[in-house]
Amino acid sequence: MKIEKILFATDFSEGSAAALPYAADIARQYGAKLYLVHVVYDITKATGWYVPHVAVGEIYDEIEKSARAEIGKIDPVELRGLKDVGQVILKGTPYEEIIKFAEDNKVDLIVLGTHGRKGIDRVLFGSTAEQILRNAPCPVLSVRLQPEK
Ligand code: AMP
């Protein structure tokens, strides 16, 4: 089995945080590169009608900035001993962008939370985990957050 590149998909939820130790551990064991990937939703795709880009451009810049800050806050203890960690912010529909990134970069394994944020995202886009599990070009490890005992 070849595992040289691992994609950890994070929406910064507790659910995705539960999957990080698995992604990091496997990366350590295989000496693999670990991509920490977040996708900023593209609202214009969800509306289905024209939204002036001047109106949303600045908002995206801010969202992207805060997404970079969030990725930067990922616990360094979890990432200790990893030789190569990449931080990636993409824009679009999360499952599409994650699958495309995995294809383009020949990712060997995707690690994600079984659950992420709920609410409006789910209504607009459906389950990211399910779409990735069904359509990914490589194996997918889905980690469920254990309920508190
Ligand atoms: P969901 O299917 O939306 O409940 O999310 C399940 C998992 O997919 C999350 O725990 C994350 O690992 C991943 N995920 C969801 N949304 C995003 C996103 N915008 N960017 C990166 N990963 C995501």
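Above this text sits the structure in question.
## Regarding the side chain of His38
Here His38 lies in strand β2 (residues 33–41). Assessed through its relative accessible area of 12%, His38 is described here as buried. Within the local environment of His38, its side chain forms a polar contact with the backbone oxygen of Thr10, the two atoms lying 2.8 Å apart. Non-local contacts of His38, meaning those with residues more than four positions away in its chain, are made with Thr10, Asp11, Phe12, Ala67, Ile71, Val88, Ile89 and Leu90.

## As for the sheet that holds strand β1 (residues 5–9)
Spatially, the five strands line up as an open sheet ordered β3-β2-β1-β4-β5, and their pairing is parallel. Looking along the sheet, the strands with just one partner apiece sit at the ends: β3 (85–92) and β5 (140–143). If you compare each strand with its neighbour and ignore which way they point, the axes differ by 25° on average. Across three bridges, the pairing between β1 and strand β4 (residues 109–113) is parallel. Each residue of the ladder has a partner; that of Leu7, found in β4, is Ile110. Helix α7 (residues 128–135) contacts β2, β4 and β5 of the sheet and is inclined by roughly 160° relative to β4.

## What about the pattern of salt bridges?
When the charged atoms of two side chains lie near each other, side chains of opposite charge can form a pair. This structure, assessed with the given rule, holds nine salt bridges. The partner of Asp25 in a salt bridge is Arg28, with the nearest N and O atoms 2.7 Å apart. Separated by three residues within a single helix, Asp25 and Arg28 lie in helix α2 (residues 20–30), roughly one turn from each other. Taking the relative accessible area as the measure of exposure, Arg28 reaches 28% and is therefore partly exposed. The partner of Glu62 in a salt bridge is Lys65, with the nearest N and O atoms 3.4 Å apart. Of the two residues, Glu62 and Lys65 are both situated in helix α4 (residues 53–72); the distance of three residues between them amounts to about one turn of the helix. The class of Glu62 is partly exposed, set by a relative accessible area of 46%. One salt-bridge network, in which partners are shared between bridges, spans Lys2, Glu4 and Asp108.

## A closer look at the side chain of Ser16
With respect to the helices and strands, the residue Ser16 is situated in helix α1 (residues 14–17). Judged by relative accessible area, Ser16 falls into the buried class, the value being 3%. Looking at Ser16, its side chain comes within polar contact range of the side chain of Thr10, at 3.2 Å. At 3.1 Å, the side chain of Ser16 forms a polar contact with the side chain of Asp11.

## Brief notes about the packing of aromatic side chains
Under the criterion given, the structure shown has one aromatic pair. When the ring centre of Tyr60 is taken as reference, the NZ or CZ atom of Lys91 above it lies at 4.3 Å.

Cut-offs applied
Once a new chain begins, its residue numbering starts again from 1 and follows that chain's sequence as written. For a predicted model such as this one, the threshold for reporting local features is a pLDDT of at least 70, and the threshold for listing and counting side-chain atom pairs is 80 or more; totals across whole chains, interfaces and linings nevertheless cover every residue. Excluding hydrogens and water, the side-chain figures rest on all heavy atoms present in the structure. Strands here are runs of E lasting at least two residues and helices are runs of H or I lasting at least four, both read from the DSSP assignment and numbered beginning at the N terminus. Categorising residues by exposure relies on relative accessible area from a 1.4 Å probe, with only protein chains included: less than 20% of the type maximum marks a residue as buried, more than 50% marks it as exposed, and the intermediate range marks it as partly exposed. A 3.5 Å cut-off defines polar contacts: any pair of N or O atoms within that distance qualifies, except that in protein one atom must be a possible hydrogen donor and the other a possible acceptor, and neighbouring residues in sequence count only when both atoms are side-chain atoms. Whether two residues are in contact is decided by their heavy atoms, any of which lying within 4.5 Å being enough. Any two strands are treated as partners once DSSP identifies two or more bridges connecting them. Axis geometry follows a simple rule: fit a line to the C-alpha atoms, using only the stretch in contact for helices, then measure angles between N-to-C directions, giving values from 0 to 180 degrees. Counted as salt bridges are all cases of a side-chain nitrogen of Lys or Arg within 4 Å of a carboxyl oxygen of Asp or Glu. A pair of aromatic rings is counted whenever rings of Phe, Tyr or Trp (Trp by its six-membered ring) have centres within 6.5 Å, and the orientation is called stacked for planes under 30 degrees apart, edge-to-face for over 60 and tilted otherwise. Charge over a ring is defined by NZ of Lys or CZ of Arg lying within 6 Å of the ring centre and within 35 degrees of the ring normal.

All we've got here are geometric facts, nothing functional implied.
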